[in-house]
Amino acid sequence: TLYREYKDKKARYLKAQEAKREENLAKKLEVIEELKQLILKEETLQKTFQEFRDIQEKWRQIGPVPQSRLNGLLETYHLHVENFYNYVKINKELRDLDLKRNLEDKLALCEEAEKLSEGIYIGDAFRQLQLLHARWKEVGPIPKEQKEEVWERFKKATTLINEEYHKFIEGLKREQEDNLKVKQDICKRAEEITEKEYVSVSQWNSATKNILELQQEWKQSGTVSQKERNKLYKQFRAVCDRFFDKKREFYKVFEQEQEKNLELKIKLCEKVEAVKDSDDWKRTSSRIISYQQEWKK
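Quick notes on the rules
- Residues numbered from 1 in each chain as written.
- Predicted model: local features only at pLDDT ≥ 70, side-chain atom pairs only at ≥ 80, totals over all residues.
- Heavy atoms only, no water.
- Helix = DSSP H or I, 4+ residues; strand = E, 2+ residues; numbered from the N terminus.
- Buried < 20%, exposed > 50% of the residue type's maximum accessible area, 1.4 Å probe, protein only.
- Salt bridge = Lys/Arg side-chain N within 4 Å of Asp/Glu carboxyl O.
- Patch = residues over 30% accessible without salt bridge, like charges linked within 9 Å, V, L, I, M, F, W, Y side chains within 5 Å.
- Areas by Shrake-Rupley, 256 points an atom, 1.4 Å probe, with all protein chains shown as cover.
- Lys, Arg positive; Asp, Glu negative; His and termini not counted.
- Charge placed at Lys NZ, Arg CZ, Asp CG, Glu CD.
- pLDDT = per-residue confidence, 0-100.
- Expected span 1.5 Å × (residues − 1).
- Arc of directions from axis to C-beta.
- Contact = heavy atoms within 4.5 Å.
- Phe/Tyr/Trp six-rings, centres within 6.5 Å; stacked < 30°, edge-to-face > 60°.
- Lys NZ or Arg CZ within 6 Å of the ring centre and 35° of its normal.

Draft legend 1. Spatial organisation of the environment of Lys 9. The residue Lys 9 is located in helix 1 (residues 2-38) in this model. By relative accessible area, Lys 9 is classed as partly exposed at 47%. Each C-alpha atom of the pair Lys 9 and Trp 281 lies 84 Å from the other, and the pair is 272 residues apart in sequence.

Okay, here's the thing in structure tokens:
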């Protein structure tokens, strides 16, 4: 029930995320239209360029869009950015200022990427790296003479994280393979316990203790691959269910036998009570001794 609730929540979350991405896509298309309209305005260069900066900031503030539309959207956006530069023939000082700001943004991204390898859980580092790559694509052009150097720095940090992540995944696979063997062994031992025949309460108590220990061992035996997880758990659960079904059946029969024995013992009590006042000592003693033997049986 909890798993279904979790899946429903996750499905609603993903649906909301997808709707939000579609909404962000519409907003970014509107920003591109604003960018296209800039070159049609008759204003001072300074005012137009400030509007251009505002549009760039608005673009950065909008969240992610559907992955299938991302590359085409970025290409269109950067095309119109270049068209703006070319159309207004922006003076070198202002263009250099914008290139400098973009350079600072990309250098900051390099630093963030480099810090990801410092003591953070590699799974989190890998996910954050994907976000940094998305932000990298959003940043505009930088001075050509530094473009290759800055990209190589960012790529180096990326490669380091990717290598560590792949090592982590390989280690996780090996660990899951070891856990799989452990869980398979637990299933086998549970099967052996379940298949045995038990004829007394003490034997059932001992077997139950062993099954409960195996269940605890199962909980502590780590995760396995998604491919094996459900199948193996169903197998183990089925064995445990079979064991406890057999135990319930034993106690059902056992209790019926106790009721039967109770009736027999009450009858023996009644038989003794029926002869206890007899003066025929020899015959009565013999009968009571036979009743005592029946009692023991």
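Draft legend 2. Quick peek at the pattern of salt bridges. Enumeration over the complete set of coordinates arrives at 24 salt bridges. Close ionic contact of Asp 98 with Arg 53 constitutes a salt bridge, the shortest N to O distance being 3.7 Å. With Asp 98 in helix 4 (residues 92-115) and Arg 53 in helix 2 (residues 45-61), the pair connects residues that are 45 residues apart, well separated along the chain. Exposure remark for Arg 53: the relative accessible area of 17% places this residue in the buried category. Salt-bridge contacts for Arg 101 lead to Asp 98; the nearest nitrogen and oxygen are separated by 3.5 Å. Linking Arg 101 with Asp 98, this pair stays in helix 4, spanning three residues, or about one helical turn.

Draft legend 3. Broad picture of a positive patch on the surface. Side chains of Lys 267, Lys 271, Arg 283 and Arg 287 sit close together on the surface and give a patch of like positive charge. Those elements giving two or more residues to the positive patch turn out to be helix 8 (226-275) and helix 9 (281-296). Tracing the chain through its elements places Lys 267 in helix 8.

Draft legend 4. Quick peek at the confidence of the model for the chain. Chain-level statistics for the chain give a pLDDT mean of 89 and a share of 96% at 70 or above. Between the elements of the chain, mean pLDDT differs from a low of 83, seen in helix 2, to a high of 94, seen in helix 7 (residues 201-219).

Draft legend 5. Examining helix 7 more closely. The first and last C-alpha atoms of helix 7 sit 27 Å apart over 19 residues, in line with the 27 Å expected at 1.5 Å per residue. Buried within helix 7 we find Trp 204, Ala 207, Thr 208, Ile 211, Leu 214 and Trp 218. All buried residues of helix 7 fall inside an arc of 120° around its axis, so they share one side. For helix 7, exposure combined with an orientation more than 90 degrees from the buried face picks out Ser 202, Lys 209 and Lys 219. Looking at the buried side of helix 7, the elements it contacts are helix 6 (144-195) and helix 8.

Draft legend 6. Geometry of the environment of Lys 282. As for its placement among the helices and strands, Lys 282 is situated in helix 9. Separated by 79 residues in sequence, Lys 282 and Gln 203 place their C-alpha atoms 43 Å apart.

Draft legend 7. Representation of the environment of Glu 104 within the structure. Here Glu 104 shows up in helix 4. Overall, Glu 104 belongs to the partly exposed group, its relative accessible area being 45%. Spatially, the C-alpha atom of Glu 104 lies 9.0 Å from that of Ile 142, the residues being 38 residues apart in sequence.

Draft legend 8. Region of the structure containing helix 5 (residues 122-138). The end-to-end C-alpha distance of helix 5, which contains 17 residues, comes to 25 Å, matching closely the 24 Å that a straight helix rising 1.5 Å per residue would cover. Buried within helix 5 we find Ile 122, Gly 123, Ala 125, Leu 129, Leu 132, Trp 136 and Glu 138.

Draft legend 9. Seen up close, the packing of aromatic side chains. Tallying each qualifying case throughout the model produces 17 aromatic pairs. For the ring pair Tyr 165 and Phe 168, a centre distance of 6.3 Å and an interplane angle of 35° mean the geometry is tilted. With Tyr 165 and Phe 168 both in helix 6 and three residues apart, this pair spans about one turn of that helix. Judged by its relative accessible area of 19%, Tyr 165 falls in the buried class. Consider the rings of Trp 218 and Phe 236, whose centres lie 4.3 Å apart with planes at 0°: the pair is stacked. Taken as a pair, Trp 218 in helix 7 and Phe 236 in helix 8 lie far apart in primary sequence, 18 residues in all. By the burial criterion, Trp 218 is buried, and Phe 236 matches it. Here a set of aromatic residues connected by ring pairs shows up, and it is made of Tyr 198, Trp 204, Phe 243, Phe 244, Phe 250, Tyr 251 and Phe 254. One residue, Lys 28, lies across the ring of Trp 59, its end atom 4.4 Å from the ring centre.

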